[in-house]
Amino acid sequence: MNIFFHELKAYRKSTIIWSISLVAVAVLMLSMFPAINKDAAGFKKLLGAYPPAFTKAMGISIDSITSFLGFYSTLTLLYVLLCGAIQAMNIGTSIISKEVREKTADFLLTKPVKRHEIITAKILAAIVSLMITNIIYIAGATIMAEVVKTTSFDYKIFFMLSLTVFFVQLMFMSLGIIVSVIMPKIKSVLTISISVVFGFFFIEMFSSIIGDNNSRYITPFKYYDPAYIIKNSNYESKFIIIEIIFIIVTLSVSYFLYAQKDIHVA
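As the structure is a prediction and not an experimental result, all values here were calculated from the model.

## Looking at the overall build of the protein chain
Broken down by element type, the protein chain carries 12 helices and zero strands. Mapped in sequence order, the helices and strands of the protein chain form the string α-α-α-α-α-α-α-α-α-α-α-α. Here the protein chain holds 266 residues, and the buried ones make up 48% of them. Expressed as a percentage of contacts within the protein chain between residues at least 6 apart in sequence, the contacts between residues at least 24 apart total 78%. Working note: accessible area of the protein chain is about 13,300 Å², and carbon and sulfur atoms make up 68% of it.

## Thoughts on the nonpolar core
Among the nonpolar cores identified, the biggest contains 76 residues, and Phe68, Tyr72, Tyr137, Phe158, Phe172, Val197 and Phe221 are the most heavily contacted of them. Elements that contribute at least two residues to this core include exactly α1 (2-10), α2 (12-30), α3 (33-38), α6 (68-101), α8 (115-148), α9 (155-182), α10 (189-210) and α12 (237-260). Excluding its chain neighbours within four sequence positions, the residues that come into contact with phenylalanine 68 are Leu30, Phe33, Ala145, Val148, Phe153 and Phe158.

## A few points about the packing of aromatic side chains
All chains considered together, the criterion is met by 21 aromatic pairs. A centroid spacing of 5.6 Å and a plane angle of 80° characterise the contact between tyrosine 224 and tyrosine 235, whose relative ring orientation is edge-to-face. In this pair, tyrosine 224 is assigned in the loop between α10 and α11 (226-232) and tyrosine 235 in the loop between α11 and α12, connecting sequence segments 11 residues apart. In terms of burial, tyrosine 224 and tyrosine 235 fall into one category: buried. Taken together through their ring pairs, the aromatic side chains of Phe33, Phe68, Phe71, Tyr72, Phe153, Tyr155 and Phe158 make up a single cluster.

## Considerations on α1
Where α1 is concerned, the buried positions are Ile3, Phe4 and Glu7. Buried residues of α1, viewed axially, fall in a sector of 100°; they line one side. Exposed residues on α1 whose side chains face more than 90 degrees from its buried face are Asn2, His6 and Lys9.

## Overview of the confidence of the model for the protein chain
Mean pLDDT over the protein chain stands at 84; residues scoring 70 or higher make up 82%. Averaged pLDDT values for the elements of the protein chain fall to 51 in helix α7 (residues 105-109) and rise to 94 in α9.

Analysis parameters
- Residues numbered from 1 in each chain as written.
- Predicted model: local features only at pLDDT ≥ 70, side-chain atom pairs only at ≥ 80, totals over all residues.
- Heavy atoms only, no water.
- Helix = DSSP H or I, 4+ residues; strand = E, 2+ residues; numbered from the N terminus.
- Buried < 20%, exposed > 50% of the residue type's maximum accessible area, 1.4 Å probe, protein only.
- Contact = heavy atoms within 4.5 Å.
- Areas by Shrake-Rupley, 256 points an atom, 1.4 Å probe, with all protein chains shown as cover.
- Core = buried A, V, L, I, M, F, W, Y, C linked by side-chain atoms within 4.5 Å.
- Phe/Tyr/Trp six-rings, centres within 6.5 Å; stacked < 30°, edge-to-face > 60°.
- Arc of directions from axis to C-beta.
- pLDDT = per-residue confidence, 0-100.

As structure tokens, this is what we get:
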């Protein structure tokens, strides 16, 4: 329990910064909506002048872009997801690697605590940190939505769309954890996090351009299709199952490898 609170405290500054950043992105993007909605025809005409590959890559639906939920799910959530994924990957990758990098592994492992208890406390602290970020983000986005909305919208769908940020973050966090366990020494967590996240992001963009639906199983950014959520008021169950399996497998492997790993100490 002491490790959990220590880790949570260590993530405090990062959590605050990322929470503010996600809210700032939402505020910035949503602040454009009233002007776009006011001149919907002109904005659609502008988007229509772009090559179809561009709108496909950005996941833009010209028909729904001027509705609030269409604008939120297409333009706002895109950048929020990208920032949230970097935060989650960053936390996951630093869970184990920071002990080696900061030369505190020897101090931690000499404590009368088993390794699986250490990694469990670290994972729980990371999840709580992400939960706090999402609570702040959803609250901030909801307030901003109330300010800029021109007509009423379905709050349930808005909440479901917003919650996909947390779901995607859980996948990147678990991926970051297994990376931190496998790699012997990580000098720059942020470099790895940005590289991995943008790698999956570019896969998502490229697959959207060529219309390859099979790539949805590869990149977390494609697991929660906004158009499907808006139309059906639900998530696609098969991708939820795949995500659960992915998280269980990656965390299980991480526990096993961490228990067997030779930790380099100062």
